[in-house]
Amino acid sequence: MERAIELLKGGDFPGCLSQGETVEEAVAMIEDAKRGWLEVSLELGHSIPEPTRDLAIAFSGKFNVRVPRTLHKLLVEKAAGEDVSLNQYILYQLSSAVGIQQPRKVSRSSEEPVR
């Protein structure tokens, strides 16, 4: 049986890594690793970097992308062919391209799942 292992980096804590067999365990472990990193850094007299922006603020979920008109037209046509919004179509395609599995799409006209 294959086990999933989640690996997390400490962000503002250079060299700080942790892992766990679940996301929850990995998050708990990275928090513990961050505390240890801070304790050791303070004991050794190392400077502590200022925290970076909160991810919730840094990544709003919105961004603008300029595309050629021909690509825009093609994307609109593909979305219409799937009977979904352009936004939903692009979200699905981007997610698929980076390996994120999206839930089944829902048709705008019938509210039935599109397969």
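Residues numbered from 1 in each chain as written. Predicted model: local features only at pLDDT ≥ 70, side-chain atom pairs only at ≥ 80, totals over all residues. Heavy atoms only, no water.

A. Quick peek at the overall build of the protein chain. Each helix and strand in the protein chain was counted, giving four helices and four strands. Written out in order from the N terminus, the α and β elements of the protein chain read β-β-α-α-α-α-β-β. Taken over 115 residues, the protein chain has a buried fraction of 15%. Here the protein chain displays about 9,800 Å² of accessible surface, and carbon together with sulfur accounts for 56% of that area. (Helix = DSSP H or I, 4+ residues; strand = E, 2+ residues; numbered from the N terminus. Buried < 20%, exposed > 50% of the residue type's maximum accessible area, 1.4 Å probe, protein only. Areas by Shrake-Rupley, 256 points an atom, 1.4 Å probe, with all protein chains shown as cover.)

B. Highlighting the side chain of S41. In this structure, S41 sits in helix 1 (residues 23-43). With residues near it in sequence (within four places) discarded, S41 still touches H46 and I48. (Contact = heavy atoms within 4.5 Å.)

C. Up close: unusual backbone geometry. Here the phi dihedral of D83 falls at roughly 60°; this positive angle occurs in a residue that is not glycine. Looking at where D83 falls in the secondary structure, it is placed in the loop between helix 3 (69-82) and helix 4 (86-97).

D. Here's a closer look at the confidence of the model for the protein chain. For the protein chain, per-residue confidence averages 78 on the pLDDT scale, and 73% of positions sit at 70 or higher. Put simply, strand 4 (residues 113-114) is where the protein chain has its lowest mean pLDDT, 52, and helix 3 is where it has its highest, 96. (pLDDT = per-residue confidence, 0-100.)

E. Representation of the pattern of salt bridges. Taken as a whole and assessed by the stated rule, the structure comprises three salt bridges. The salt bridge partner of K34 is E31, with a shortest N-O separation of 3.4 Å. Here E31 and K34 lie together in helix 1, a separation of three residues that amounts to about one turn. Of the charged contacts in the structure, one is a salt bridge between D32 and R35, with a shortest N-O distance of 3.8 Å. With D32 and R35 both in helix 1 and three residues apart, this pair spans about one turn of that helix. (Salt bridge = Lys/Arg side-chain N within 4 Å of Asp/Glu carboxyl O.)

F. Summary view of helix 4. The first and last C-alpha atoms of helix 4 sit 16 Å apart over twelve residues, in line with the 16 Å expected at 1.5 Å per residue. Positive phi shows up at G99, right after helix 4, with a value of about 90°. (Expected span 1.5 Å × (residues − 1).)

G. Just a nonpolar patch on the surface, in detail. On the surface, F63, V65, V67, L71, L74 and L94 cluster together to form a nonpolar patch covering roughly 550 Å² of accessible area. Checked against the element boundaries, L74 lands in helix 3. For L74, a relative accessible area of 41% corresponds to the partly exposed category. (Patch = residues over 30% accessible without salt bridge, like charges linked within 9 Å, V, L, I, M, F, W, Y side chains within 5 Å.)

H. Broad picture of the packing of helix 3 against helix 4. Closest axis-to-axis distance for the helix 3/helix 4 pair is 9 Å, and the angle between their directions is 100°. The orientation of helix 3 with respect to helix 4, classified from their angle, is roughly perpendicular. Along its contact with helix 3, which presents H72, L75, V76, K78, A79 and E82, the element helix 4 presents L86, Y89 and I90. (Axes fitted to C-alpha atoms, helices over the stretch in contact; angles between N-to-C directions. Parallel < 35°, antiparallel > 145°, perpendicular 65-115°, else oblique.)

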